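# Results of the structural survey
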Amino acid sequence: MSKSNKQRIVVVLGMHRSGTSAYTHALEVLGFDLGVGLCAPNEWNRKGQFEHPEINQLNDEILSHVGMSWDSVSCFKIDIVDPEIRKFRTRALQILEGKFKNGGPRALKDPRIARLVSFWNDVLVEAGFDVRYLLVIRNPLEVAHSLNRRDHFSILKGCWLWARYIVSVLEWLENSCNENICVLADFDRLIQDADRQLRNLAARLDSPLSMRELDTVVADYCAVFIDGSLKNELLIPNSDMESHGVPRQVAMLYREIQKLSTRSWAPLKEQCSRLLKRLSTISPHDFAPLVSSIESELVHSRVSQSRLADELVIARQTIDGLAREIETARQAHVARDEIEGELRQ
């Protein structure tokens with residue numbers, strides 16, 4: 001099948017809490033089908049997550065299989081000949097087949113895919129898609145503060161986790177044999193000028209809408225979807241990030257990649273080697289504070305688990321006590337009924 005005859009799909013990449021939901025909904029209004037059975041909105045994504053629970057679950061299982069989780073900062077590789085990975089690929093193909101029923105361009109989003117992009121690219125190519133990518137970036141300090149509120153991560157861990165997700169995509173792009181279209185999108189620019197960002201998206205990713213349809217959906221998106229609730233963290237100037245706890249290499253990566261996002265939505269692949277070379281200057285000493293932070297979180301987690309275990313024991317004892325009281329009351333009720341029956345005789 002020639003590339004022009006394939007079904008197009010745009011995969012939205014980016015760290016959690018980076019604005020991937022806002023951009024995925026933008027693709028939806030631009031005519032990209034998100035499929036059926038999306039996750040319901042929740043406390044942290046009141047306007048919608050635009051993700052599939054089955055894909056989230058599958059990605060968590062894959063990460064667990066390689067000894068990781070969505071918030072791991074370590075590197076790992078997917079062994080394509082691993083029998084379990086082959087089973088995961090089969091499941092992924094089945095999920096995709098069940099989720100997308102309509103024709104036309106499609107879009108897919110789960111932040112975990114940024115850590116598993118090689119796996120999902122292979123799956124989507126096997127499924128016959130013309131795959132394109134949209135990498136969403138956001139100030140890592142804002143991401144870290146959002147993760148701190150939601151998951152209680154330290155700011156340091158949140159910053160390094162943002163960098164891990166971005167670097168995972170860059171490394172895959174650099175080593176990818178095919179010329180995947182991957183464009184950058186800045187969350188802050190969407191908040192500041194949604195009209196322009198949506199029109200850029202429509203042009204760069206070949207929206208199927210007519211100009212008249214585009215004018216209508218862009219106006220609706222700007223009027224209804226974009227508001228202050230999408231951005232709760234204060235913007236920190238790029239020049240002042242390190243003084244707010246952002247590691248110097250993370251700040252450098254963000255500044256460099258943000259510059260690229262202003263260049264007419266140019267493909268990212270050609271810039272990957274330069275960005276990764278800049279990051280190669282990271283010293284092991286740069287990770288020492290992160291290790292300490294994670295160790296502190298583990299200690300806190302163990303303490304919390306211990307408290308929960310104690311509370312569970314107390315709860316079970318309380319339930320057992322209530323059960324005994326209920327049984328005593330039942331027996332008393334039965335005895336009373338027997339006495340009342342004898343008196344009536």
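All values derive from a computational prediction rather than experimental measurement.

Criteria and thresholds
Residue positions are given per chain, counting from 1 as you read along its sequence in written order. Only residues with pLDDT of at least 70 get local features here, since the model is predicted, and only at 80 or more are side-chain atom pairs given and counted; chain-wide, interface and lining totals rely on the full set of residues. As a rule here, side-chain values cover all heavy atoms of the structure and leave hydrogens and water aside. A run of DSSP states H or I qualifies as a helix once it reaches four residues; a run of E qualifies as a strand once it reaches two. Both are numbered from the N-terminal end. In what follows, residue pairs with any heavy atoms lying within 4.5 Å of each other are defined as contacts. By the criterion applied in these results, polar contacts are pairs of N or O atoms within 3.5 Å in which, for protein atoms, one can donate a hydrogen and the other can accept it, and in which residues neighboring in sequence qualify only through two side-chain atoms. Expected helix span is taken as 1.5 Å per residue step, with the number of steps being one fewer than the number of residues. Burial classes follow relative accessibility: with a 1.4 Å probe on protein chains only, a residue under 20% of its type's maximum area counts as buried, one over 50% as exposed, and anything between as partly exposed. Nine residue types can take part in a nonpolar core, namely buried Ala, Val, Leu, Ile, Met, Phe, Trp, Tyr and Cys, and a core is a set of them joined through side-chain atoms within 4.5 Å. In this description, strands pair whenever DSSP reports at least two bridges between them. Inter-axis angles, ranging from 0 to 180 degrees, are taken between N-to-C directions of lines fitted to C-alpha atoms, where helices are fitted over the stretch in contact.

Next up on the list: the environment of Asp 71. By the secondary structure assignment, Asp 71 is in the loop between α2 (53-65) and α3 (83-99). Along the sequence, Asp 71 and Lys 157 sit 86 residues apart, while their C-alpha atoms lie 9.0 Å from each other. Among all residues touching Asp 71, those that are not within four sequence positions of it are Phe 153, Lys 157 and Leu 161. Among the polar contacts listed, one links the side chain of Asp 71 to the side chain of Ser 69, at a separation of 2.5 Å. Here the side chain of Asp 71 touches Lys 157 through a polar contact of 3.0 Å, side chain to side chain.

With that out of the way, let us pick up helix α6 (residues 155-175). Helical geometry note: an α-helix holds 3.6 residues per turn, so side chains three or four residues apart project in the same direction. Given a rise of 1.5 Å per residue, 21 residues ought to cover 30 Å, and the 31 Å separating the end C-alpha atoms of α6 matches this to within 8%. For α6, the buried fraction is high: 17 of the 21 residues fall into the buried class.

Counting 66 residues, the largest nonpolar core has Phe 119, Trp 120, Leu 135, Trp 162, Leu 170 and Leu 268 as its most contacted members. Per-element accounting of this core gives the leading share, 13 residues, to α6. Within the second largest apolar cluster, 28 residues are counted, among which are Ala 185, Leu 190, Ala 194 and Phe 225.

It is worth spelling out the sheet that holds strand β3 (residues 129-137) at this point. Each strand in a sheet pairs with another by means of backbone hydrogen bonds, the pair being arranged parallel or else antiparallel. Within the open sheet, the four strands sit side by side as β2-β1-β3-β4. Their pairing is parallel. The open sheet terminates on both sides in strands that have one partner only, identified here as β2 (106-109) and β4 (181-186). Averaged over all pairs of adjacent strands, the angle between strand axes in this sheet comes to 25 degrees, irrespective of strand direction. Alignment of strand β1 (residues 7-13) against β3, held across seven bridges, turns out to be parallel. Bridging across to β3, Val 11 finds its partner in Tyr 133.

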